[in-house]
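Fold and geometry: a report
Each chain, letter by letter, is given below.
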Amino acid sequence: MNNFVTDAINLRAYNLSESDKIIVMYSRDKGLIKGVAKGVKKPKSKLGARMDLLVANKLMLYKGKNLDTICQAEALNTFNKIRQNMDKIFYSFYISEVVANFGVEDDPCSSEIFDMLYKALDSIALASDKLEILLAVIKFQLKMMSLSGFGIELNKCLKCGCSLNQDNMYFSSSLGGVICKECNQSYGISVIMHYKLRDFLKELEKTPFDCKSELESKATEKLCSVCFELLKGYINVHSPKKFNSTGILQEIL
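Below is a summary of the structure that appears in this document. (Residues numbered from 1 in each chain as written. Predicted model: local features only at pLDDT ≥ 70, side-chain atom pairs only at ≥ 80, totals over all residues. Heavy atoms only, no water.)

**Let's talk about the overall build of the chain**
For the chain, the count of helices and strands is eight helices and eight strands. Since a compact globule built from 253 residues should have a radius of gyration of about 18 Å, the 20 Å found for the chain is in line with a globular shape. Expressed along its principal axes, the backbone C-alpha trace of the chain runs to roughly 65 × 40 × 30 Å. For the chain, the proportion of its 253 residues judged to be buried stands at 49%. Excluding contacts between residues fewer than 6 apart, the proportion of contacts in the chain whose partners are at least 24 apart in sequence is 60%. One way to put it: in the chain the 34 positive side-chain charges average out to a point 4 Å from where the 29 negative ones average out. (Helix = DSSP H or I, 4+ residues; strand = E, 2+ residues; numbered from the N terminus. Rg over C-alpha atoms; globule rule 2.2 N^0.38 Å. Buried < 20%, exposed > 50% of the residue type's maximum accessible area, 1.4 Å probe, protein only. Contact = heavy atoms within 4.5 Å. Lys, Arg positive; Asp, Glu negative; His and termini not counted. Charge placed at Lys NZ, Arg CZ, Asp CG, Glu CD.)

**Quick notes on unusual backbone geometry**
Its identity as a non-glycine residue notwithstanding, Leu54 has a phi of 60°, on the positive side. Mapped onto the elements, Leu54 comes out in the loop between strand 3 (31-37) and strand 4 (56-62). Note on Leu54: relative accessible area 2%, which makes it buried. The backbone phi angle of Phe79 is positive, close to 45°, even though this residue is not glycine. The residue Phe79 is located in the loop between strand 5 (68-77) and helix 1 (86-102) in this model.

**Brief notes about the sheet that holds strand 7 (residues 177-179)**
Strand order in the open sheet formed by three strands is 7-6-8, and the pairing between neighbours is antiparallel. Of all the strands in the sheet, just strand 7 and strand 8 (192-193) have a single pairing partner and so form its edges. Of the pairings in the sheet, the one linking strand 6 (residues 169-172) to strand 7 comprises three bridges and is antiparallel in character. Directly across from Tyr170, in strand 7, lies its bridge partner Ile179. (Pairing = 2+ DSSP bridges.)

**As for the nonpolar core**
Counting 65 residues, the largest nonpolar core has Ile95, Val98, Ile138, Phe140, Met144, Met193 and Leu201 as the members making the most contacts within it. The biggest single contributor to this core is helix 3 (residues 130-147), with 11 residues. If we skip the residues at most four places from it in the chain, Leu201 touches Ile138, Leu142, Leu154, Met193, Cys227, Leu230 and Leu231. Core analysis: the second largest hydrophobic core is formed by 13 residues, Met25, Val40, Met51 and Ala73 among them. (Core = buried A, V, L, I, M, F, W, Y, C linked by side-chain atoms within 4.5 Å.)

**Digging into the pattern of salt bridges**
Applying the stated criterion across every chain, the model contains 10 salt bridges. The salt bridge involving Arg28 is made with Asp7; its shortest N-O contact spans 3.5 Å. Of the two residues, Arg28 sits in the loop between strand 2 (21-27) and strand 3 while Asp7 sits in strand 1 (residues 3-15), which places them 21 residues apart along the sequence. What makes Asp7 buried here is its relative accessible area of 11%. The closest approach of N and O atoms between Arg12 and Glu97, which form a salt bridge, is 3.7 Å. Of this pair, Arg12 sits in strand 1 while Glu97 sits in helix 1, and the two are 85 residues apart along the sequence. Salt bridges linked by common partners bring Asp7, Arg28, Lys58 and Asp115 together as one network. (Salt bridge = Lys/Arg side-chain N within 4 Å of Asp/Glu carboxyl O.)

Written out as structure tokens, the structure reads:
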């Protein structure tokens, strides 16, 4: 009765003892969970590489008072191609940290977030260049924020509610979306957003990971880098925890 089975993706790991680790995972059924991987640091561990970061497993865990214990693990996807490219490694760690920061225990959206993270990691693993990596990450950023209750308002001015069609606008991370030119006179926001960039973000938000929209096919790496940085700043402002990977990204990529 104390055992339960779930699919989960490894996000973080901490040393617990000479041979044990605590693995932080995001699970399909229970949201953010932690489990002790006993003896995982030993050469002949039954869990072994299945406890590496960015690995999706089907797990059996024993429910404990404070921490669950990982009894069995069967790899569903190791996303092995991520480990063959530095861009893939760092962007994958970034999106896993987004989930670790915004994810909660017993999350009512756990199945959607798990599937989204799985698809994003798979898309990054299979990407043929940095542009494809960035497209997957931007889709993830937009969809994850929406599921976490921090969806970005891209259609109407946050102050007056007017529709912003083919007009340039201003973007505020702290306010959570766009402001029209007139209302910005009282805000003084400096980040200008062209309506075509706004349209591109809206398109990516609704496009599945395994599909490519018309606007995506016209995208450039420079455009996607601008969008990634914009969304990264927004996510940093609203994150309940400090990010570690974004500083590394800034220095290395």
